[in-house]
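So you can see what is in the structure, the chains are spelled out below.
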Amino acid sequence: MAEPTVEIVEGCRLPVLRKNQENEDEWPLAEILSVKDIPGRKLYYVHYIDFNKRLDEWVTPDRLDLKKLQFPKKEAKTPTKNGLPGSRPSSPEREVRKSLDLNVQSASAPSRGKTLPTPKRKAESVSLATQVTAATPVPSLPSSAEASQASVYPAMRDSSFSIKAREEHEQLTSLTTNGTTRRLIPSQPGRKRKNCVGTEEIVKVFQNNSPRSSTVYLPPGEDSQDSSDGIPSAPRMTGSLVSDRSHDDIITRMKNIDCIELGRHRLKPWYFSPYPQELTTLPILYLCEFCLKYLKSLKCLQRHLVRAVLGPDVTHSQHQIKTKCNLRHPPGNEIYRKGTISFFEIDGRKNKMYSQNLCLLAKCFLDHKTLYYDTDPFLFYVMTEYDSKGFHIVGYFSKEKESTEDYNVACILTLPPYQRRGYGKLLIEFSYELSKVEGKTGTPEKPLSDLGLLSYRSYWSQTILEILMNLKSENGERPQMTINEISEITSVKKEDVISTLQYLNLINYYKGQYILTLSEDIVEGHERAMHKRHLRIDSKCLHFTPKDWSKRGKW
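Per an unreviewed UniProt entry, the protein chain goes by Histone acetyltransferase KAT5 and derives from Danio rerio. Listed under Subcellular location (unreviewed entry) in UniProt, the entry text for the protein chain is "Nucleus". Recorded in UniProt under Sequence similarities (unreviewed entry), the annotation for the protein chain is "Belongs to the MYST (SAS/MOZ) family."

Encoded structure:
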């Protein structure tokens with residue numbers, strides 16, 4: 001196909017041909033981010049609108065639909081006032097908006113960079129019933145309740161009760177999947193939010209001869225991850241590695257590394273990572289899989305790993321071997337080993353070079369986090385797989401040494417060659433196992449990526465359902481459990497427990513009481529998922545002693 005006669009510039013939008021998951025042709029709208037000339041033709045770097053940035057790519061002109069080309073809009077010139085350029089004529093509406101903006105800024109100024117303290121609410125509890133009963137849908141739930149302790153029927157299940165994971169709730173959750181941030185709107189005085197099921201609110205369950213299914217979407221509570229008006233509450237953006245995305249430019253929006261060779265794997269990066277500029281023009285960037293040092297050629301990598309040095313009185317058959325890289329496993333302490341799986345705890349202050357190299361590698365696959373060269377406040381937990389050549393990195397997660405908001409994970413990543421094999425849930429399970437040893441409940445730092453959200457939702461669902469299905473009656477009475485008890489057993493923060501129950505649509509309202517309903521479909525789906533989940537953390541193999549990082553001497 002001949003070169004396009006119309007000049008395509010950066011910012012243009014037009015349909016671009018690509019293959020979907022079914023290997024079928026589709027023409028999604030895309031934006032031109034960059035244009036480069038190579039001998040004989042031009043290449044265009046495109047971002048598919050409403051698609052994840054990891055799908056961005058360089059395309060040839062024959063994949064562009066020029067009939068629907070949209071040129072970028074030119075910025076309108078601002079009129080002048082009193083002959084001064086750049087100023088606009090005033091209007092009553094503009095003056096009102098300006099005064100409102102000043103009021104909002106003055107009200108929010110004292111809390112800059114901090115989270116405003118919220119008044120403590122009386123703890124509420126919910127009893128969890130594992131039987132399907134007749135449930136009456138209600139539009140909203142009362143803010144609090146003081147009923148008697150609930151019981152659980154372990155008897156019948158309704159096979160006609162089907163739960164569907166609704167896409168609408170995916171968009172409502174505050175675990176932002178696209179990495180965008182939202183401005184925190186100051187709370188208005190006198191405005192109250194509807195409360196969902198609390199953590200101490202009691203529910204009763206009654207048997208009914210003709211149970212029917214109920215699909216109730218409960219308005220989230222004040223302590224939940226979701227806001228009551230359907231708009232996600234703004235996540236805390238002062239976190240350790242959260243990117244505020246205020247400095248995004250055309251450079252950081254484009255992938256700058258074509259390929260990374262890490263051990264026996266070659267990886268195609270998804271996002272921009274600030275490796276040195278001279279390395280971005282290389283066809284392949286080589287990394288040492290043990291110390292993660294980046295090198296520009298295979299020969300440099302070989303020289304880095306093995307270098308033979310002959311002594312003055314040593315024959316070739318008795319030559320001595322010296323290496324530039326003496327590591328065959330990540331630096332730090334091995335705190336877990338079972339089979340071929342090991343976890344190493346790495347202090348960001350004591351092993352700064354390794355931690356920085358790890359962050360550079362992780363940035364290739366994490367778009368919603370920023371890269372900090374100051375790794376002192378963090379601990380890194382690297383999961384490895386062992387063979388005769390050493391311990392090969394599979395994934396990792398990082399956490400703050402001191403987190404004021406109970407974050408037990410800052411960044412979490414499973415490298416692409418090991419994805420969809422259960423390693424992601426293993427990393428998540430290990431993070432909560434550490435929280436159990438520390439005697440705390442934890443939650444991941446927000447926002448989560450799309451893949452991270454799926455993994456956490458799946459882990460939370462399986463963990464909570466496993467507890468509910470193992471409930472047994474005692475002394476002929478109905479078994480009972482509160483959300484606080486679930487949180488203490490699993491170390492999952494109670495807000496995450498509530499949001500997961502809402503996501504699964506398990507909470508229903510029946511005759512003035514809250515109940516949990518488990519359908520046959522939910523039970524069978526959970527059993528199938530647990531049958532496929534072969535990798536689990538064995539707490540007996542964990543050798544971990546938490547430190548009190550509030551004392552600076554520990555750093």
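Moving on from the coordinates now.
Moving residue by residue along a regular strand, the side chains alternate between the two faces of the sheet. Counting buried positions over the 10 residues of strand β15 (residues 378–387) gives eight, a clear majority of the element. Alignment of strand β14 (residues 341–347) against β15, held across seven bridges, turns out to be antiparallel. Within β15, the position partnered with Phe-343 by the bridge is Met-383. Relative to strand β16 (residues 390–400), β15 runs antiparallel, the two being bridged by 10 bridges. Paired with Tyr-381 across the bridge in β16 is Phe-397. Adjacent in sequence and paired antiparallel, β15 and β16 are bridged by two residues.

Our focus in this paragraph is the sheet that holds strand β1 (residues 13–15). One open sheet holds the four strands; their spatial order is β1-β4-β5-β6, and the pairing between them is antiparallel. The open sheet has two edge strands with one neighbour each: β1 and β6 (57–59). Adjacent strand axes in the sheet meet at a mean angle of 50° when their direction is disregarded. Of the pairings in the sheet, the one linking strand β4 (residues 29–38) to strand β5 (residues 41–48) comprises eight bridges and is antiparallel in character. Bridge pairing in β5 links Glu-31 to His-47.

With the rule as written, the count across this model stands at 19 salt bridges. For Arg-266, the salt bridge is made with Glu-261, and the minimal N-O distance between the two is 2.9 Å. By relative accessible area, which is 13% here, Glu-261 ends up buried. One salt bridge in this structure joins Asp-376 and Lys-352, with 3.2 Å as the shortest N-O distance. With Asp-376 in the loop between α4 (352–363) and β15 and Lys-352 in helix α4, this pair connects stretches of sequence that are 24 residues apart. Among the residues examined, Asp-376 registers a relative accessible area of 18% and is labelled buried. Owing to a relative accessible area of 34%, Lys-352 belongs among the partly exposed residues under this scheme.

Moving on, we come to unusual backbone geometry. Lys-446 connects to Pro-447 through a cis peptide bond whose omega is 0°. Its place among the elements puts Pro-447 in the loop between β19 (443–444) and α6 (450–469). A positive phi angle, close to 60°, is found at Asn-23, a residue other than glycine. Structurally, Asn-23 is set in the loop between β2 (18–19) and β3 (25–26). Take Asn-23: its relative accessible area is 57%, and that puts it in the exposed class. A positive phi angle is found at Ser-491, which is not glycine, with a value near 65°. Within the secondary structure layout, Ser-491 lies in the loop between α7 (483–490) and α8 (494–503).

Conventions used here
Residues numbered from 1 in each chain as written. Predicted model: local features only at pLDDT ≥ 70, side-chain atom pairs only at ≥ 80, totals over all residues. Heavy atoms only, no water. UniProt positions renumbered as here; feature names shortened; annotations may be inferred. Buried < 20%, exposed > 50% of the residue type's maximum accessible area, 1.4 Å probe, protein only. Helix = DSSP H or I, 4+ residues; strand = E, 2+ residues; numbered from the N terminus. Pairing = 2+ DSSP bridges. Axes fitted to C-alpha atoms, helices over the stretch in contact; angles between N-to-C directions. Salt bridge = Lys/Arg side-chain N within 4 Å of Asp/Glu carboxyl O.

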